[in-house]
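Take a look at the letters that make up each chain.
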Amino acid sequence: MRIMPRHVLTELLKVFIFSLVVVTGLFEVGILVKQLLKEGLPLLQIASLLPYILPEALRYSVPVTLLLATTTVYSRMSGANEVVALKALGISPMAILWPAFILAFLVSLATVWLNDVAVSWGRQGVRRVVVNAMEEIAYSMLRSERCYSSPYFTINVKRVEGRTLIQPVVTINARGNSPSITLDAESAVLAVDHRENVLQIEAVHGAIEVEGRGRVFFSTYKYEMPLGDPSAEGESGIRPANLPLWRIPSETVRQRQAIEQHREHLAAAAAEQLLMGEFDRLGGADWARRTAQGRLMQLRLCELRLEPFRRWSAGFSCLCFVWVGAPMAIWLRNRDFLTSFFVCFAPILIVYYPLLAYGISGAKNGTIPPISVWAGNLLLVVWGTWLLRKVLRY
């Protein structure tokens, strides 16, 4: 009895490791190409991105490759009538199924950790590499295309002479309550301050115009432009999607306290305006801004509550995939493992991932509870249990 589980586990590991290397390599190439096209990184920086994008690639490739390994091994065994032979000897198919379930459980725990590492350590490392290469990237693009754009600002130049920009026009995009700013000069020099995470532009003989506030001329001027990713941080701090799991409970408590303080300030301001008879201010722009800020704070709280559920459900998709894939491969009795794989993966692609996306979207908006992200996993468990009963009974 010990020979069969050991044999199954060995075959699963061999196929899983081989598939994981191939599929993860393809995911890494895709992510690298995306970064290359988005940031225009030189080859040295592209190579330095590899360790940081590995967890990001693994979090997507592990569930798929584990399902592929499962369907490959059990399709081959079922197609060769090995399962029928076991039943004829009075041995339950669970004798060859439990190694896959235990392996999937352990891999699920590892995938939860990978989800956490990818969004906290991996994304920060990618941003750090991009920031370190920003000066070289900017000069390279300005020399070749006369234009460089980032989520925060745009630089256009007439030409580049050495490290000097000739007739640059810098447009800093509006952000929050800050208006857009346009700076034009005869010449300028770029430099990155890595400690402050800003791009400095030292301009000579030009003018700076703030939207709606006029234009000011200068002989020399230094302006600092942030290089952070606006999607990674919000007004309240780091986005919950980029926080490690261990920080989320404390951030949730802090966010609840901030929301409570904001509500107290709103109540105090409303009471003061009512007592003073300043009814027009209750519907003014300042009140609308405060209300909008409160909604953003509440949305961040919803995201903080969602993140643990999302990462654990995504990690344990590995176990759910195997729970369906193993009995399905045995039930089909088809030696062609690709057929078994696509019969399992097509419903997962059509049902599981849309359910997960719907749960994440609704939980972020606060319209449905965050535990709803487990709906797809639950559906796979029900489907797998039905298949497992058929395999064990017939």
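For the structure itself, consult the block above.
Residues numbered from 1 in each chain as written. Predicted model: local features only at pLDDT ≥ 70, side-chain atom pairs only at ≥ 80, totals over all residues. Heavy atoms only, no water.

Enquirer: Would you take a moment to explain the overall build of the protein chain for this structure?
Expert: Counting secondary structure elements, the protein chain contains 11 helices and 10 strands. Its C-alpha atoms give the protein chain a radius of gyration of 28 Å, more than 25% over the compact-globule value 21 Å for 394 residues. Summarising its shape, the C-alpha atoms of the protein chain cover approximately 90 × 65 × 30 Å along the three principal directions. Here the protein chain, with 394 residues, has 45% of them falling under the buried criterion. A separation threshold of at least 6 residues defines the contact pool for the protein chain, and within that pool the share at least 24 residues apart is 67%. When the accessible area of the protein chain is evaluated, it comes to approximately 20700 Å², of which 62% is carbon and sulfur surface. Both charge centroids of the protein chain, one from 40 positive and one from 31 negative side chains, sit 12 Å from each other. (Helix = DSSP H or I, 4+ residues; strand = E, 2+ residues; numbered from the N terminus. Rg over C-alpha atoms; globule rule 2.2 N^0.38 Å. Buried < 20%, exposed > 50% of the residue type's maximum accessible area, 1.4 Å probe, protein only. Contact = heavy atoms within 4.5 Å. Areas by Shrake-Rupley, 256 points an atom, 1.4 Å probe, with all protein chains shown as cover. Lys, Arg positive; Asp, Glu negative; His and termini not counted. Charge placed at Lys NZ, Arg CZ, Asp CG, Glu CD.)

Enquirer: Is there a simple way to explain the packing of aromatic side chains in this structure?
Expert: Applying the stated rule across the entire model yields 14 aromatic pairs. Plain terms: the ring middles of Y221 and Y223 are 6.4 Å apart, the flat faces sit at 20 degrees to each other, and that makes the pair stacked. An angle of 10 degrees between the planes, with centres 5.4 Å apart, marks the rings of F341 and F345 as stacked. One end of the pair is F341 and the other is F345, both in helix α10 (residues 337–365) and 4 residues apart, which spans about a single turn. You'll find F341 and F345 in the same group, each marked buried. Here a set of aromatic residues connected by ring pairs shows up, and it is made of F105, W312 and F316. The positively charged end of R163 is found above the aromatic ring belonging to Y139, 4.0 Å away from the centroid. (Phe/Tyr/Trp six-rings, centres within 6.5 Å; stacked < 30°, edge-to-face > 60°. Lys NZ or Arg CZ within 6 Å of the ring centre and 35° of its normal.)

Enquirer: Looking at this model, I keep getting lost on the pairing of strand β6 (residues 181–193). Mind explaining?
Expert: A regular strand carries its side chains on alternate faces of the sheet. Relative to β6, strand β4 (residues 164–166) runs antiparallel, the two being bridged by 3 bridges. Note that in β6 the partner of L165 across the bridge is A188. Judged from the 4 bridges that link them, strand β5 (residues 169–172) and β6 form a sheet pairing that is antiparallel. The partner of T171 across the bridge, within β6, is T182. Of the strand pairs in this sheet, β6 and strand β7 (residues 198–210) are connected by 12 bridges, and their pairing is antiparallel. Each bridged residue has a counterpart across the sheet, and for S187 the counterpart in β7 is V204. (Pairing = 2+ DSSP bridges.)

Enquirer: Sorry, what's going on with the pattern of salt bridges here?
Expert: Think of it this way: side chains of opposite charge can pair up when their charged atoms draw near. Using the criterion set out here, one finds 14 salt bridges in the structure. A salt bridge links R159 to E161; the shortest N-O distance between them is 2.8 Å. Accessibility expressed as a relative area gives 35% for R159, which makes it partly exposed. What makes E161 partly exposed here is its relative accessible area of 43%. R311 is the salt-bridge partner of E307, the closest N and O atoms lying 2.9 Å from each other. Residue E307 and its partner R311 are both found in helix α8 (residues 285–315); the two are separated by 4 residues, about one turn of the helix. The exposure class assigned to E307 is buried, which follows from its relative accessible area of 2%. (Salt bridge = Lys/Arg side-chain N within 4 Å of Asp/Glu carboxyl O.)

Enquirer: Can you help me understand a nonpolar patch on the surface in this one?
Expert: There is a patch of nonpolar side chains on the surface, built from W98, I102, F105, L106, L109 and W312 and spanning about 580 Å² of accessible area. For the nonpolar patch, the element with the highest residue contribution is helix α5 (residues 94–132), accounting for 5 residues. By the secondary structure assignment, L109 is in helix α5. By relative accessible area, L109 is classed as partly exposed at 35%. (Patch = residues over 30% accessible without salt bridge, like charges linked within 9 Å, V, L, I, M, F, W, Y side chains within 5 Å.)

Note that all results are geometric; they support no functional claim without further evidence.
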